[in-house]
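Coordinate analysis (summary)
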Amino acid sequence: VTVRAAQVHSHRSHRRLIPRHLKVRDVMTPEPVAVAPETPITQVVRLLLRSHFKGVPVVNTQKQVIGIVTQGDLISRGQIPARPGLLSYLDDEHLEEQLTPLGGRPVAQIMSQPVVTIEEDRYLPEAVDVMLEHRLKRLPVVDAQDQLAGMLSQFDIFRTAAGQRSNWQVLEERHIVGNNVHYVRDIMRRDVQTVTPDTPIRQVIEMIGANDIQRVAVVDAEDHLLGIITDRDLLVVFSEHRVGIWEYLVSKLPFPELGRRHKELVAKVHATTAKQVMIRDVVSVCEDTPIEEAVQIMVDRGIKRLPVLDTEGKFRGMIRRVDILRIGNAERS
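Report on the accompanying structure. The structure displayed is predicted, hence computed values, not measured ones.

Parameters at a glance
Residues numbered from 1 in each chain as written. Predicted model: local features only at pLDDT ≥ 70, side-chain atom pairs only at ≥ 80, totals over all residues. Heavy atoms only, no water. Phe/Tyr/Trp six-rings, centres within 6.5 Å; stacked < 30°, edge-to-face > 60°. Lys NZ or Arg CZ within 6 Å of the ring centre and 35° of its normal. Core = buried A, V, L, I, M, F, W, Y, C linked by side-chain atoms within 4.5 Å. Buried < 20%, exposed > 50% of the residue type's maximum accessible area, 1.4 Å probe, protein only. Helix = DSSP H or I, 4+ residues; strand = E, 2+ residues; numbered from the N terminus. Contact = heavy atoms within 4.5 Å. Pairing = 2+ DSSP bridges. Axes fitted to C-alpha atoms, helices over the stretch in contact; angles between N-to-C directions.

**Description of the packing of aromatic side chains**
Per the stated rule, a full pass over the model turns up zero aromatic pairs. For the cation-ring pair, lysine 23 lies above tyrosine 123, with the distance from its terminal atom to the ring centre recorded as 5.3 Å. Positioned over the ring face of phenylalanine 158 is arginine 321, at 5.8 Å from the centre of the ring.

**Digging into the nonpolar core**
In terms of nonpolar packing, the biggest core is built from 37 residues, with Leu152, Val295, Leu306, Ile319 and Ile324 touching the most fellow members. Looking at this core, the elements that each hand over two or more residues are helix H1 (24-27), helix H6 (124-134), strand E6 (138-142), strand E7 (148-153), helix H7 (154-173), helix H14 (291-301), strand E13 (305-309) and helix H15 (321-330). No other element matches H14, which puts six residues into this core. Excluding residues within four positions of it along the chain, isoleucine 319 makes contact with Val184, Ile187, Met188, Ala294, Met298, Lys304, Arg305, Leu306, Val308 and Ile324. Core analysis: the next-biggest nonpolar cluster, separate from the first, contains 19 residues, Val35, Val44, Val45 and Val58 among them.

**Focus on the sheet that holds strand E10 (residues 215-219)**
Across the sheet, which stays open at both edges, the three strands sit in the order E9-E10-E11 with mixed pairing between neighbours. Both edges of this open sheet fall to strand E9 (194-195) and strand E11 (225-230), since each of them pairs with a single strand only.

**A closer look at the sheet that holds strand E14 (residues 315-320)**
Strand order in this open sheet of three strands is E12-E13-E14, and the pairing throughout is mixed. Sheet topology places strand E12 (285-286) and E14 at the edges, where each strand pairs with a single neighbour. Relative to E13, E12 is paired through two bridges, and the arrangement is parallel. Residue pairing in the sheet places cysteine 286 in a bridge with leucine 309 of E13. Sitting on the sheet, H14 touches E12, E13 and E14, and the angle it makes with E13 is about 135°.

Read these as layout, nothing more, since geometry by itself doesn't imply function.
Shown next, in the form of structure tokens:
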């Protein structure tokens with residue numbers, strides 16, 4: 001506080017990834033799609049296939065949230081063979097084959113309940129607390145009447161954090177310096193599966209299937225990142241043998257049995273290496289990248305995970321959304 005006009009040359013402030021002054025209603029997606037408890041599971045699957053969201057709240061006739069259906073619920077209790085992201089690569093005929101066994105079962109049989117919700121007038125860091133405590137990627141938001149008002153996802157929070165980065169850039173131009181800056185190296189995971197470019201694709205497929213992971217990194221002898229292989233890439237590369245590769249990835253069909261059913265697929269798998277399948281145009285960040293910058297990249301590109309390289313371009317690990325939320329939440333302590 002000054003009693004006379006003063007010219008500020010430099011100012012230091014506590015820099016926060018997750019703003020404390022915003023409330024859930026400021027960040028949430030309003031008027032979300034919801035389903036009734038009697039809605040068929042197959043209808044929810046088809047809804048997720050054509051939507052960008054990954055979970056659907058279940059409401060009663062009073063618009064009160066009585067459950068939520070996530071990809072995990074669909075797989076574990078609904079017994080669909082794979083997440084909707086993979087199902088979307090099937091043609092209509094084979095998709096119908098996968099959904100027919102579900103019959104007309106309602107979502108009430110598989111939804112998660114009781115459901116964890118958050119009030120719309122709670123502050124955003126409180127919502128992050130709830131997400132981390134319950135290991136959730138999304139929260140139904142309720143109003144004062146306990147009716148569904150919106151959905152809050154990790155991506156909604158990330159988009160807000162990206163906006164905060166823009167605000168800090170403006171402040172830094174005015175010589176207002178933010179402390180408590182964190183870097184990618186502070187949160188990255190180092191236990192990430194890697195293969196070499198000459199690794200047989202059969203080994204990559206087995207690695208993805210056995211470890212229940214969605215991607216592996218391809219590195220050279222000096223650990224330089226060359227590309228990434230995801231389970232989706234496998235379905236695309238072997239698109240002409242989509243049913244066979246689907247049976248192997250989803251049903252864990254033994255390779256000898258796969259060979260008896262799909263001889264051409266097995267022959268192609270044996271002749272293919274990681275470098276022929278990997279995606280080479282990979283977005284990555286350096287260990288010394290500020291987390292705010294990584295958040296901006298993830299929001300702009302719609303990426304859930306980012307490969308991390310050192311100053312020599314060597315692969316060192318991955319960062320995930322949940323790791324960023326955890327450290328952003330810890331800034332309050």
